Amino acid sequence: LVRHAEAEGNIGRRCHGQYDSLLTRRGLEQAKVVGERFRKEPIDAVYSSDLWRARHTALAIAEPHGLPVIERKALREIDMGEWEDKAWAELPVVQPELYDTWCNRPWLCRAPGGETIMESGVRALEEMRRIARDEDGKTVVVVSHGSAIRGILTRALGLRDDEMLQVGWGDNTCVAKMIFHDDGSIEIPYRNDNSH
């Protein structure tokens, strides 16, 4: 499980959930580096959110293996509703209580018309379980997004929603290894690894 490379929303201080932003120049370099990390790994398939920043990160991993990137909308980032493409600096002014919730109890925060981190994580994890069934016994790379990954890992680790902070935020192109077992359990040997 890989977080996409640095995108415009990461540096532009704008709220980009499902807003389809591009990779930055630095992000394009990060994508190459994470592609190199996986170059010698035996990869059978590469799946990605259908958003540009994830697809192009996935492409850097897939191309050296001659694989296509298989897009799945369910792997998208959290839907930020009315907050999409708003400046982060604007939010504490126009919705101070909700913004405080986002900062201090993010598992409870739902932007108007959007979803929570845990809802995005559950959605994406269900898709990953489908992929694991379809690709049984294979090694698959999945590229998704920061908040969705935080929700995925919270649920996969068996943590309560309010224990989400234990998962931490993974940097752009960080990697989590997830092993899906037939009994439904998930083993996570490491997470938030950006050693590449």
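It should be noted that the structure appears before, not after, this text.
Residues numbered from 1 in each chain as written. Predicted model: local features only at pLDDT ≥ 70, side-chain atom pairs only at ≥ 80, totals over all residues. Heavy atoms only, no water.

It is worth spelling out the overall build of the protein chain at this point. Tallying secondary structure elements over the protein chain gives seven helices and six strands in all. Seen in sequence order, the protein chain has helices and strands lined up from the N terminus as β-α-α-β-α-β-α-α-α-β-α-β-β. On C-alpha atoms alone, the protein chain measures out to a radius of gyration of 16 Å, which is about the 16 Å that the 2.2 N^0.38 rule sets for 196 residues. Oriented by its inertia axes, the alpha-carbon framework of the protein chain measures out at about 50 × 40 × 25 Å. Counting all 196 residues of the protein chain, 47% fall into the buried class. (Helix = DSSP H or I, 4+ residues; strand = E, 2+ residues; numbered from the N terminus. Rg over C-alpha atoms; globule rule 2.2 N^0.38 Å. Buried < 20%, exposed > 50% of the residue type's maximum accessible area, 1.4 Å probe, protein only.)

The subject of this paragraph is the side chain of Glu77. Checked against the element boundaries, Glu77 lands in the loop between β3 (69-71) and α4 (91-94). The side chain of Glu77 sits in the buried core without any salt bridge; Arg53 is the nearest counter-charge, 5.1 Å away. A distance of 3.1 Å separates the side chain of Glu77 from the backbone nitrogen of Ser147, its partner in a polar contact. With residues near it in sequence (within four places) discarded, Glu77 still touches His16, Gly17, Gln18, Leu51, Arg53, Glu115, Arg123, His145, Gly146, Ser147 and Ala148. (Lys, Arg positive; Asp, Glu negative; His and termini not counted. Salt bridge = Lys/Arg side-chain N within 4 Å of Asp/Glu carboxyl O. Polar contact = N/O pair within 3.5 Å; in protein donor to acceptor, adjacent residues only side chain to side chain. Contact = heavy atoms within 4.5 Å.)

This part takes up the pattern of salt bridges. It is possible for side chains bearing opposite charge to pair when their charged atoms get close. One pass over the full model with this rule turns up 15 salt bridges. Close ionic contact of Lys32 with Glu29 constitutes a salt bridge, the shortest N to O distance being 3.4 Å. Here the residue Lys32 and the residue Glu29 both occupy positions in helix α2 (residues 25-38), the gap between them amounting to three residues, near one helical turn. Using a relative accessible area of 52% as the deciding quantity, one classes Lys32 as exposed. Residue Glu29 is classed as partly exposed on the basis of its relative accessible area of 44%. In this structure, the salt-bridge partner of Arg110 is Glu119, at a minimum N-O distance of 2.7 Å. What you see here is one network of salt bridges that share partners, running through Arg72, Glu127 and Arg130.

On to the environment of Val167. You can see Val167 is positioned in the loop between α7 (146-156) and β5 (175-180). A C-alpha to C-alpha distance of 12 Å links Val167 and Ala148, two positions 19 residues apart in sequence. Setting aside anything within four residues of it in sequence, one finds Val167 in contact with Arg150, Leu153, Thr154, Leu157, Leu159, Arg191 and Asn192.

The next point concerns the nonpolar core. Within the largest apolar cluster, 19 residues are counted, with the highest numbers of intra-cluster contacts made by Leu1, Met128 and Met178. Counting residues per element, the ones that place at least two in this core are β2 (45-48), α6 (117-134), α7, β5 and β6 (186-193). For Leu1, the residues in contact, after removing those within four places along its chain, are Met128, Val142, Ser144, Ile149, Ile152, Cys174, Val175, Ala176 and Met178. Judged by nonpolar contacts, the second largest core, of 13 residues, contains Met80, Trp107, Ala111 and Met164. (Core = buried A, V, L, I, M, F, W, Y, C linked by side-chain atoms within 4.5 Å.)

The subject of this paragraph is the pairing of strand β4 (residues 140-144). Most of β4 is tucked away: four of the five residues are buried. The pairing of strand β1 (residues 2-3) with β4 spans two bridges and is classified as parallel. The residue bridging Val2 from the neighbouring strand is Val143, located in β4. In this structure, β2 lies alongside β4, joined through four bridges in parallel fashion. Note that in β4 the partner of Tyr47 across the bridge is Val142. (Pairing = 2+ DSSP bridges.)

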